[in-house]
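# Secondary and tertiary structure notes
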There are 4 protein chains.
Amino acid sequence: MTMNSRLTGVIPPVLTPLNIDGSVDVASLKALLDFLLEGGVSGLFVLGSSSEVAYLTDAQRALVLEVTVNHVSGRVPVLAGVIDMTTPRVIEHAKVAKELGADGLVATAPFYTRVSDVEIERHFRGIRAAVDLPLYAYDIPVCVHSKLSAEMLIRLGSEGVLAGIKDSSGDEGSLRGVIIARRNSPALENFSILTGSELTVDSALNMGADGVVPGLGNVDPSGYVRLFDFVESQRFEEARQEQERLHRLFKLVGAGNPERMGPNSSAIGAFKTGLMLQGVFSTHLTAEPQVPLNEEEIAVVAQHLEQAGISVALSA
Amino acid sequence: MTMNSRLTGVIPPVLTPLNIDGSVDVASLKALLDFLLEGGVSGLFVLGSSSEVAYLTDAQRALVLEVTVNHVSGRVPVLAGVIDMTTPRVIEHAKVAKELGADGLVATAPFYTRVSDVEIERHFRGIRAAVDLPLYAYDIPVCVHSKLSAEMLIRLGSEGVLAGIKDSSGDEGSLRGVIIARRNSPALENFSILTGSELTVDSALNMGADGVVPGLGNVDPSGYVRLFDFVESQRFEEARQEQERLHRLFKLVGAGNPERMGPNSSAIGAFKTGLMLQGVFSTHLTAEPQVPLNEEEIAVVAQHLEQAGISVALSA
Amino acid sequence: MTMNSRLTGVIPPVLTPLNIDGSVDVASLKALLDFLLEGGVSGLFVLGSSSEVAYLTDAQRALVLEVTVNHVSGRVPVLAGVIDMTTPRVIEHAKVAKELGADGLVATAPFYTRVSDVEIERHFRGIRAAVDLPLYAYDIPVCVHSKLSAEMLIRLGSEGVLAGIKDSSGDEGSLRGVIIARRNSPALENFSILTGSELTVDSALNMGADGVVPGLGNVDPSGYVRLFDFVESQRFEEARQEQERLHRLFKLVGAGNPERMGPNSSAIGAFKTGLMLQGVFSTHLTAEPQVPLNEEEIAVVAQHLEQAGISVALSA
Amino acid sequence: MTMNSRLTGVIPPVLTPLNIDGSVDVASLKALLDFLLEGGVSGLFVLGSSSEVAYLTDAQRALVLEVTVNHVSGRVPVLAGVIDMTTPRVIEHAKVAKELGADGLVATAPFYTRVSDVEIERHFRGIRAAVDLPLYAYDIPVCVHSKLSAEMLIRLGSEGVLAGIKDSSGDEGSLRGVIIARRNSPALENFSILTGSELTVDSALNMGADGVVPGLGNVDPSGYVRLFDFVESQRFEEARQEQERLHRLFKLVGAGNPERMGPNSSAIGAFKTGLMLQGVFSTHLTAEPQVPLNEEEIAVVAQHLEQAGISVALSA
């Protein structure tokens, strides 16, 4: 599994199924991996925000990565999130991920603490220096409350510190700056540009992005793969229609009642429900302290699936 | 060390001294503990934000707590921060802290992920149910990007879930709501209310807070103890003057150049410099990826110390 | 009405009563002015945030100021808010306010647009240069989304550009920096420092603030005057008790249902209801597009008044 | 000039040229209008954020609109911004705009004050009821600090309250929700969807947006018209290249030193400089209290123009 070329295609952030006691549901995880690979994904990103990495203990993180690497067995690259507050803690996760066979690492800027742009850059340099694996920057201001600048990404990409970017910033203008810079820079030749904005994938690909990391891709991997293929083959109208179908499907993230649930439990809970309803997951549970979707809300998710043409195997 | 009564007085968040290689400087840590105890503090809070807990690996966290508990040997209560993103991860830290002999736990709301108020409440209940130690809520929106409501604090305090609050929200009106609620509620009799707002300690104590957790208290513990004692003995004018001296001293947190350094490295770096200049710490280094104060900035810190009447033992 | 000395005491931001058709209810406004003056206030601030200045047309602003200046007739100073987005628009309001006889002007930083600190400073200098009236800076980040720095306030105060500050930032540590700077600076001798933090007035006064601009002071002016007098006469325990009573009363701002109402309509609507229930206002209406409190919510306000010992003249 | 059909194409937010004394430079304004019309724009939006509407007095607003309506003389529709804090103040601007011959109104959500979603909706309904002109919602969270929900836009569009949206939110996923809803709703047939995101115009148009309101379109109107035409004629590769050229040109907004200038003065100042350098404007000045670009910064703008193939008429 070499990473000397760009990552492309659909690389979903793999959800982490849970048993009722909160432990990782390994059987469901394997079922999800099969479901995604059969859907045609070209890579897997475990231990990301959609994987509830923030909720998993270190042992659970290791278990998820180990199961995934073994189960996937080199068929596609496996990226591992190494999400933690600062450089020293991220490096510890990165060492474990390397040992367990990850093909690449995905790290955010520091969070909880407040650092300067200079310090964010030192952070990525420090991780890369400590662990010899391709390192992808994860730009997700909604979680870390800072934005990675295009200038820094270009600089670290050109120097080989970063192998790419997973952009969940929603700032398409900034992302485009990185794409444009890559066009004229041999040093950025293999710099991968992936978007996490699952509602505008066609736009990002048409701009020049290489692929997408869609949370909703867990629920409908073949939909995202079709979308990617349509764009690749310049069938723009069909791409647009597929993206619009997925946009409508995405409304399931609003199934949870905001008086009880936060944006995270509502969205991840709905994705998990979508997999339970398709027979892939045994439960739709999210990690503590998140509130699970109730029966009524599960039914709303089922409706969204059916409207998007996804057959619901289990009775809600 | 029983905690059936309120925590009171000055309970500094203990800085974590580092060696040049980034490891914990145990000798300097012990020196700091002695410095604080000699200064008259009534408790110690290790592994808080000012302790650079976000930067410490789990092994370093354990080392700091172990050294502290052993060195303090019951002379004052030792609270341990169990700072992590979500309930499962916090509980792991909490179990370690209990094993290592902490007298109480300090936990924030979840961060990185976005949760509802209902889920924040479940978070504290989950921690308390999992580990049998007094649990203090740490309200620090600048780090976790949510605010704990007075209503929730009062409810969890009344039910015995929370033993108290360390308030670094800067929202004195909200804090006061908790203080007022306590006056008329026997169930809150032993609920400790500590402020982290080190520039308005006299105000908080006069409102009815029990004590203070001042980062600057590392640099000048006896100053904060004097301030507390002045208020206790109703010597308000002297309290005000002492607080104003400490307010001026606090300006050292601005010594770092904001083009290079974030608010965290500038403030903590200045505190550490203050201890190095007083001969307590061997270095003024902060953890990676933070930028350290340079010679010029160290000299600025020295000036602030001298202006506040603190003698500088080492040449800057 | 000279303003060569500091403003002190209770200077409420005067609510603007409205008729059912949205016009200013002049009779109720005069009744409020009488109610406030009888309550012992030492100044009046019209056209502030609590006055719904953001909702008043220029003609309504002029009417409110004119009625107030004439009705008050020099008994206390009348400050006029000149709230608008930028310097040129603020200067226009300021010229009108001077013509109509305001004793001082109150201006925020620019808003809607995003400016630098340098430009904020130019803003205050530009207003002061254009209109010869004492100018008070209104620090209200919740509305304008920037914070005035203590350094700038001290500089502009020392140079005579600003006559004082009305601080509604909630950042008591920063405010204290201005207070401390004033102690040692003859150039700041007459610089007025007023807090808008109505729940911690005793704290602010004990720090050295000169007075308070409490929205709740419309509903209970004599309560705030008592609080001020208790602090002045060093009866700290009585001050604390009075502040705690007002803190409990302040809960009326939560009477409005947040599903229908914003923080502004809920708080101002409750204050107006409080005045209607005391027979001062004819209606409790707020300006468009704000939603008014309904009958049930009006009853909640009435309960809060009664619990605070304020007799309710009208049946809710 | 009927507006019974959608607005399409390039509708730049017209900059407001200023004389050295801060007055509107009418001759330069007419020159800009000619420059834009010759560039092929299909509409004009005066008194928007890029027009420095926040800085213009009411008399200046009226002058700008009057000059524009007269000079354009019906060749393209003229939309007028009616930017103010709340409904009553916006309605006053709207009445003036109607009198002066505007073809449509553009209004934001309330700002300065904090309102609920229900109140935002009442705001738009109130404006539309008061003044009989097509009303466009201006979604610009960076200025007003709230986001218009897709649900509300769809509802108000379907009911005929809103004639369209000018989206400067940067939230392309949300905008797409409105576009998708329009596809299947006859009631939204004539609802215009315009993007203000000038760096991703091809993306927005390909999604189904009708046009663009680009601040940079003042500097290079024919570039944006070419971009629009390329997309219309499905010459996607040329569209992408043109958009990338404009993306590079957009970097001129960073010419101003952030230590002196805010984001607004830097960007608008650079646009104005671009027009001065092309001989359209007499000065590059922005309104008070904004800091103007200095000689060095003007030279940087000139470089960006030249790199984008725009000839610089005047020596910088």
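Keep in mind that what you see is a predicted model, and the values were worked out from it rather than measured.

For the rest of this paragraph, the subject is the overall build of chain A. The number of helices and strands found in chain A is 12 helices and eight strands. The C-alpha atoms of chain A give a radius of gyration of 18 Å, which matches the 20 Å a tight globule of 316 residues would have. Here the C-alpha coordinates of chain A stretch approximately 55 × 45 × 40 Å along the principal axes. Among the 316 residues that make up chain A, the fraction classed as buried is 66%.

In this numbering, the UniProt entry assigns the feature "active site" (unreviewed entry) to Tyr138 and Lys166 of chain A. These residues run over 29 residues, yet every pair of their C-alpha atoms falls within 4.8 Å of each other. On the secondary structure map, Tyr138 of chain A appears in strand E5 (residues 135-139). Residues within four places of Tyr138 of chain A in sequence aside, it is in contact with Phe45, Ser49, Ile83, Val106, Ala107, Thr108, Ala109, Leu148, Lys166 and Ser168 of chain A together with Tyr112 of chain B. Not counting residues up to four positions away in its chain, the partners in contact with Lys166 of chain A are Phe45, Ala137, Tyr138, Asp139, Leu194, Gly196 and Val213 of chain A.

Residues and elements named next belong to chain D. Side chains Ser192 and Leu194 project from strand E7 (residues 192-195) onto one buried face, and the interleaved Ile193 and Thr195 project onto a second face that is buried too. Note that strand E6 (residues 164-167) and E7 share four bridges and pair parallel. Within E7, the position partnered with Gly164 by the bridge is Ser192. Tracing the backbone out of E6, into helix H7 (residues 172-183) and back to the parallel element E7 gives a crossover that is right-handed. Strand direction decides the pairing type here: E7 and strand E8 (residues 211-212), joined by two bridges, are parallel.

Counted by the stated rule, this structure contains 84 salt bridges over all chains. Here Arg125 of chain B and Glu121 of chain B are joined by a salt bridge, their closest N and O atoms 2.9 Å apart. Of this pair, Arg125 of chain B and Glu121 of chain B both sit in helix H4 (residues 117-130), four residues apart, which is roughly one turn of that helix. Arg89 of chain D serves as the salt-bridge partner of Asp84 of chain D, at 3.1 Å between the closest nitrogen and oxygen. Here the two residues Asp84 of chain D and Arg89 of chain D agree in accessibility, since each one is buried. Each of Asp58, Asp84 and Arg89 of chain A together with Asp58, Asp84 and Arg89 of chain B takes part in a single network of salt bridges with overlapping partners.

A few words on the interface of chain A and chain D. For interface size, the figure often reported is the accessible area lost on association. Each side of the interface is counted separately: chain A has 20 residues, and chain D has 20 residues. Between chain A and chain D, a total of about 1,700 Å² is buried, with carbon and sulfur atoms accounting for 55% of that surface. It is Arg176, Ile180 and Glu244 of chain A in chain A that bury the most area against chain D; as a group they hold 31% of the surface buried on that side. Our enumeration of links across chain A and chain D arrives at four salt bridges. In this assembly, chain A and chain D are joined by 10 residue pairs in polar contact (both at pLDDT 80 or more). Those elements that provide at least two residues to the side of chain A that touches chain D are helix H7 (172-183), helix H8 (201-207) and helix H10 (236-250) of chain A. In terms of residue class, the side of chain A that touches chain D is built from four nonpolar, nine polar and seven charged.

Counting across every chain of the model gives zero disulfides over all chains. Free of any disulfide, Cys143 of chain B has its nearest neighbouring cysteine sulfur in Cys143 of chain A, separated by 16 Å.

Residues and elements named next belong to chain D. Of all five residues in strand E5 (residues 135-139), five are buried; the element is thus mostly enclosed. The alternating pattern of E5 places Leu135, Ala137 and Asp139 and Tyr136 and Tyr138 on opposite faces, both of which are buried. Here strand E4 (residues 104-108) runs beside E5; their pairing, made up of four bridges, is parallel. Across the sheet, the residue bridging to Val106 is Tyr136, located in E5.

Calculation rules
Residues numbered from 1 in each chain as written. Chains lettered and ligands numbered in written order. Predicted model: local features only at pLDDT ≥ 70, side-chain atom pairs only at ≥ 80, totals over all residues. Heavy atoms only, no water. Helix = DSSP H or I, 4+ residues; strand = E, 2+ residues; numbered from the N terminus. Rg over C-alpha atoms; globule rule 2.2 N^0.38 Å. Buried < 20%, exposed > 50% of the residue type's maximum accessible area, 1.4 Å probe, protein only. UniProt positions renumbered as here; feature names shortened; annotations may be inferred. Contact = heavy atoms within 4.5 Å. Pairing = 2+ DSSP bridges. Right-handed = clockwise from strand over helix to strand, strands pointing away. Salt bridge = Lys/Arg side-chain N within 4 Å of Asp/Glu carboxyl O. Buried area = accessible area lost by both parts, 1.4 Å probe. Polar contact = N/O pair within 3.5 Å; in protein donor to acceptor, adjacent residues only side chain to side chain. Nonpolar A, V, L, I, M, F, W, Y, C, P; charged D, E, K, R; others polar. Disulfide = S-S within 2.5 Å.

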